[in-house]
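# Results of the structural survey
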Amino acid sequence: MNEDTVTMWVARSREEFARTAPPTNFSPLPDIPAGRYVDPDFFALESKELWRRSWLYAGHIDQLPERGSYFIYPYGSAPVLIIRGDDDEIRAFYNTCRHRGAPVVRNLEGRAGPVLVCGYHGWSYDRQGALRGVTERRDWSSFDLKCRNLAPVRCERFGNWIFLCEDSTVEPLSEFLEPVARYLRHLPLRSLRLVHRRAFDVACNVKLLIDNFLEAYHFKLLHPRTSDRIFDNQGTSVHLWPNGHSMMLSPNRREDWVDPGTIGMPEMANTTAIERQYNPSYSLFPNLIVPISPSGMPCVAIWPKTLRTSVMEVLWFAPDWGGGPRDPLWDTRIANFDRIVDEDIQFAEPMQATIESPGFIGVTLSYQERRIYHWHEEVDRRIGRAVPCALRIPPRLRSYVE
Ligand code: FES
Ligand SMILES: [Fe+2]
């Protein structure tokens, strides 16, 4: 991030403090139709056209420390095996045996030996996904092993983060992330370590959770003793970028404020006033929330499970602390953020029942909630004409995309 960007973003936040109404050229946004949250057909459309055709955060390189280390990514259209090969490359494959479809590995994570052996009939694959052997070879005498390698899934990295995409036609990850990556590139993303991760189910549609993390309007009521004490929502500026990415920049209430729970922890190199005096909360479309502070980032990834259930993963990444166990301060820091997440989701489950009400026609959004509209606009751009007329989001924010 260059000095011009820092200066511009600081000015944007100051403008937010000063404004007394939305800009005069801002027209009220149309409602987001309720059906987008409750319609099973729309859920199926999103699964096929949005989630299977997006780059999705899948894990961190620290989860694959050695050759043969693997873990299962369970949130795709089918379980995906992500494994470090004999050449140290990270690859992804559907965890589906090419004989009759059994899972090749049965554990959610672990370290494979030189070959992965399917437990059903014993076919074996190497750690690069190639089929190496079939049992009872006499019955497969004319069989070409090369035709039955594990089916690959696209797998690319951004810093130490591993992303997957199940579709072969979408742009490369670097191209997709570029509109937001340029604001993160000054940070040492390749040396950030995985400190902690915790996944849990939430009984609501995925968009109720995603919407929540795209606005700061709820800070006063949901986070009165946590986020709202630290950040001044009146100065929160909103930045919309191509490909559905966005950011909200919330200033610390006091410029010299430092989280007492982080004192003594290593800090990232090259941070600017933006990371030190503000909370820049990036949204990497469609489902990764990345708020940055100099000593680490508590990220949230959210996936749909069913129309009415989602999975949320809370992740902490931090500058390398050298050898040995993590600082004991992390326990408190993680617990503090978990409290904020609990505050965030306290409305999600009860809302699933209330949005099914005939009285719920649509979501109405204010100027400062426009990141939500921007997110939905991108969903429709990706799904295209298959979105039913009654559920469409008329494009309104294009002139605001930077
Ligand atoms: S299903 Fe894997 S070896 Fe038969
Ligand atoms: Fe929140």
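What you are looking at is a predicted structure, and each value in this text was computed from that prediction instead of being measured.

### Some words on helix 4 (residues 173-181)
Among the residues making up helix 4, those that are buried are L173, F176, L177 and V180. Buried residues in helix 4, looked at end-on, bunch into an arc of 85°, giving them a common side. Across from the buried face of helix 4, at angles greater than 90 degrees, the exposed residues are S174 and E175. Contacts from the buried residues of helix 4 go to strand 10 (152-158), strand 11 (161-165) and strand 15 (278-284).

### Description of the environment of R190
Structurally, R190 can be placed in the loop between helix 4 and strand 12 (193-202). Residues R190 and D320, 130 residues apart in the sequence, show an inter-C-alpha distance of 10.0 Å. Beyond its immediate sequence surroundings of up to four residues, R190 is in contact with G159 and N160.

### Notes on the domain arrangement of the protein
In many reports, interface size means the accessible area that the parts give up when they come together. Looking at the assigned domains, one finds that the protein contains domain 1 (3-54 + 174-400) and domain 2 (56-157). Computed from C-alpha atoms alone, the centre-to-centre distance between domain 1 and domain 2 is 33 Å. Domain 1 puts nine residues into the contact, and the matching count from domain 2 is seven residues. When contributions to the side of domain 1 that touches domain 2 are tallied by element, the ones reaching two or more residues are strand 12 and strand 17 (297-306). In terms of residue class, the side of domain 1 that touches domain 2 is made up of five nonpolar, two polar and two charged.

### Description of the pairing of strand 13 (residues 237-240)
On strand 13, burial covers both faces: S237 and H239 on one face and V238 and L240 on the other are all buried. Judged from the four bridges that link them, strand 13 and strand 14 (residues 246-251) form a sheet pairing that is antiparallel. Paired with V238 across the two strands is M248, which belongs to strand 14. Counting the residues in the hairpin turn of strand 13 and strand 14 gives five residues, including N243, whose phi is positive at 65°.

Calculation rules
- Residues numbered from 1 in each chain as written.
- Chains lettered and ligands numbered in written order.
- Predicted model: local features only at pLDDT ≥ 70, side-chain atom pairs only at ≥ 80, totals over all residues.
- Buried ≥ 20, exposed ≤ 12 C-beta atoms within 10 Å, placed from the backbone.
- Helix = DSSP H or I, 4+ residues; strand = E, 2+ residues; numbered from the N terminus.
- Arc of directions from axis to C-beta.
- Contact = placed C-beta atoms within 7 Å.
- Domains from an automatic or database assignment.
- Nonpolar A, V, L, I, M, F, W, Y, C, P; charged D, E, K, R; others polar.
- Pairing = 2+ DSSP bridges.

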